Amino acid sequence: MIDYYFRFEVAAIIVVLAVVITFFKINRIKTRASSAFTALTWQCFTASLFDIISIFLGKNINASNLWLNYIVNIIYYFMFNAIPLCFYICLYYLSERYKVMSKKRYWGFFGTYLLISALLASTPLTHIIFWFDENYVFHHGYLFYGYYALALFYMGAGMTHFIRHRSQYFKNQIISLVTFVLFCVFSTIIQIFFPRLIITGYMLAITILITYLSLENPEDYIDKDMGIYNLRAFIVKAQENFDINQKMYILGISSENLAHILKSIGESNKRLFYKRVLAFFKETFNNQDVFRLSYEKIAILLSPDSDEERLKKIHEVKEFFNNPVKCGDIQVSVSVTLKTVETPNDVSTIEDLIDLLEDSLEEKPSVDFENILHADVNLLENRRREHKIIQLLEEAVNENAFEIVYQPIYNVEKAGYTAVEALVRYKTEEFGYIDPQEFLPLAEKNGLMLKIGSYIFREVCKFISEQKLKEKGIEEVHVNLSVIQCMQEKLYEHIFDIMDHYDIDYSYINLNVTETTTIIANEILLRNMNMMKSHNMYYSLDNYGTGLSNTNTLVKFPFKMVKLDKTLVHAAINDEKARIILQKTVSMVKDLEMSVVAQGVEDLGEYDMVVYLGCDFIQGYMFSSPLTPEDYLKFIAEARI
């Protein structure tokens, strides 16, 4: 009987136990990678333990305990050879965090292990893996080295997966992988040349320690303000439920005014608010089931056991927020929206679940049943439409597949159409014409507006130059600028370059911006406006009368013209107060020596009113809808006759 040196196995048990105690002491979200790591640690611990037991039993083997030696050795090999498999699974889910392993891949790897394990279980009868002779001496069977081949198989698969997805790993995870491979090779070589030295378990224990250090930081799943799980943790937890077809009942909580309230009460009271809310959640729900999706949104996984119990919990949440939250010397009242989602009845993917929660919590409820409503799954159709439009816009930007139309602007003093506004239109095969109020904000949010805006401006300048609009009596052309365009530090250079290319006088184009743009772009826009003004190019304030309608905007920015929003014009027809506001607005703008354009004029009554109030220009369907370039040229030709 070989006298094995097993102190390294004892050290391995100590190292693994230290890792286990540390690992489970930390409050962490359960992920597939952490589950695989948990299995890996216990397998290493069990393998080392049973290796030591097998050594002691082997020293006193006889006929009466031969069966026990077989069982202990089978358990050892069963656990030891599962370690490379679990390491591969852990490695896989460190890169594929939100993707379940395909059944084909899973059974390809796990099935191979089960086959070898079945052969191992039969070894007392077949001697195919190991056996004891009549003198109770341990021998390797002819398939014993198949375990080495199996380990090489998993290591090769792991290395291949790593190479293909190396960009998904952190630096310490790469170090862990390299260490695992080197330690496996190194320990195998030592074991072959020094069979008495049982060192493989210790090498694996050190690798597990390094792997533990390479796992994702548990704090990555914790919201720093409230100390509960965050969106990332919610995705992990929900995805696992989707993978096993587990029903989920989610309560979404949102407070539109929360950010403003907490900002106004001070940092200490803010902490007290979070403390009170967190204490309520801990008392009412399992800590593992509460997630903060964003600053103002929380999701809670409700128990699937009882409808009555879930409804009771929901009403407890409602009751808590219906009462002021005491924070020091003040009481904070927060109005909340509650929405419920059920899977898989409402949604069947994690992406749809997140979208539905986000959209439904932002939607203003039309019917209020005690502030608790089931999320409207139709919102997902709107989200899918948005995604499709964004995709189409990306293609359209590359192909310049936008149309420019022109709406005439009537000059009251000259009784003719001396100006025109260029507008963009977009037509698709799937949706037909898409309203600019729908696709332009999407283009803005997805970084496409700079290219679209540049294309529009270039096409308008080309049209002006080729059709010689000035000779046709058109004194100026209005072009809209987006927020993102106005945030460009040297917008004026880009604008001037295009106009110079088409030999257009700078004073010929009037740039339209909204008041929202002046707030967001502010100083950058002001510098661009002043630079353009020095070159005789001017701006108009578009859609005035909506939003803030801040008079400070008219004072600070050098606008040449103010374009009144159509809602202000329409309201003034039937409402005396609105008419007074419109009258005072027109008077104020003219006193500031700016021209006034009344937009959205649709009938003679509105026309008479805005002319009487002193508007200089009129734009609206009463005169013409936006026209194609060809129809616009015909329109102004007929208007001059």
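Structure: above.
The structure presented is a predicted model; accordingly, all values stated were derived computationally and were not measured.

Caption draft 1: The packing of aromatic side chains, seen in detail. Throughout the structure, instances matching the rule amount to 40 aromatic pairs. Their ring planes at 65° and their centres at 6.4 Å tell us that Tyr410 and Tyr607 sit as a pair that is edge-to-face. One end of the pair, Tyr410, is in strand β11 (residues 403-411); the other, Tyr607, is in helix α25 (residues 604-613), with 197 residues separating them in the sequence. As far as the burial class goes, Tyr410 and Tyr607 line up, both buried. The ring centre of Phe431 lies 4.6 Å from the NZ or CZ of Arg385, which sits over that ring.

Caption draft 2: Region of interest: a nonpolar patch on the surface. The grouping of Tyr106, Trp107 and Leu114 at the surface amounts to a nonpolar patch, some 300 Å² of accessible area in total. Structurally, Leu114 can be placed in helix α5 (residues 103-121).

Caption draft 3: Here's a closer look at the packing of helix α24 (residues 576-591) against α25. The N-to-C vectors of α24 and α25 enclose an angle of 45°; their axes lie 9 Å apart at closest approach. On the basis of their axis angle, the class for α24 and α25 is oblique. Packed against α24, whose contacting residues are Arg579, Leu582, Gln583 and Val586, the element α25 presents Met609, Tyr612 and Leu613 at the interface. Of the residues assigned to the contact of α24 with α25, the class counts are five nonpolar, one polar and one charged.

Caption draft 4: Spatial organisation of helix α7 (residues 146-164). In this model α7 runs 27 Å from its N-terminal to its C-terminal C-alpha over 19 residues, within 8% of the 27 Å that 1.5 Å per residue would give. Buried within α7 we find Tyr147, Leu150, Tyr154, Met155, Ala157, Gly158, His161 and Phe162. Buried positions in α7, seen along its axis, are confined to an arc of 160° and lie on one side of it. Across α7 from its buried face, at more than 90 degrees, point the exposed residues Leu152 and Arg164.

Caption draft 5: Highlighting the pattern of salt bridges. The final tally for this structure, using the stated rule, is 16 salt bridges. For the salt bridge of Lys237 with Asp289, the shortest nitrogen-to-oxygen distance reads 3.4 Å. Within this pair, whereas Lys237 is found in helix α10 (residues 231-243), its partner Asp289 is found in the loop between α12 (267-284) and β5 (290-294), the two being separated by 52 residues in sequence. Here Arg383 ties to Asp355 by a salt bridge, and the two come within 3.0 Å at their closest N and O atoms. Remark: Asp355 occurs in helix α14 (residues 350-362) and Arg383 occurs in helix α15 (residues 378-399); sequence separation between them is 28 residues. With respect to burial, Arg383 and Asp355 carry one shared label: buried. One network of salt bridges, with partners in common, ties together Asp352, Glu381 and Arg384.

Caption draft 6: Layout of the pairing of strand β15 (residues 509-514). Summarising burial for β15: five of the six residues are buried, a large majority. Inspection of the sheet shows strand β14 (residues 476-480) paired to β15 by four bridges, in the parallel sense. Across the sheet, the residue bridging to Asn480 is Asn512, located in β15. When β15 meets strand β16 (residues 538-544), the two strands line up parallel, connected through five bridges. Its bridge partner being in β16, Val513 is matched across the sheet by Leu541.

About the cut-offs
Residues numbered from 1 in each chain as written. Predicted model: local features only at pLDDT ≥ 70, side-chain atom pairs only at ≥ 80, totals over all residues. Heavy atoms only, no water. Phe/Tyr/Trp six-rings, centres within 6.5 Å; stacked < 30°, edge-to-face > 60°. Helix = DSSP H or I, 4+ residues; strand = E, 2+ residues; numbered from the N terminus. Buried < 20%, exposed > 50% of the residue type's maximum accessible area, 1.4 Å probe, protein only. Lys NZ or Arg CZ within 6 Å of the ring centre and 35° of its normal. Patch = residues over 30% accessible without salt bridge, like charges linked within 9 Å, V, L, I, M, F, W, Y side chains within 5 Å. Areas by Shrake-Rupley, 256 points an atom, 1.4 Å probe, with all protein chains shown as cover. Salt bridge = Lys/Arg side-chain N within 4 Å of Asp/Glu carboxyl O. Axes fitted to C-alpha atoms, helices over the stretch in contact; angles between N-to-C directions. Parallel < 35°, antiparallel > 145°, perpendicular 65-115°, else oblique. Contact = heavy atoms within 4.5 Å. Nonpolar A, V, L, I, M, F, W, Y, C, P; charged D, E, K, R; others polar. Expected span 1.5 Å × (residues − 1). Arc of directions from axis to C-beta. Pairing = 2+ DSSP bridges.

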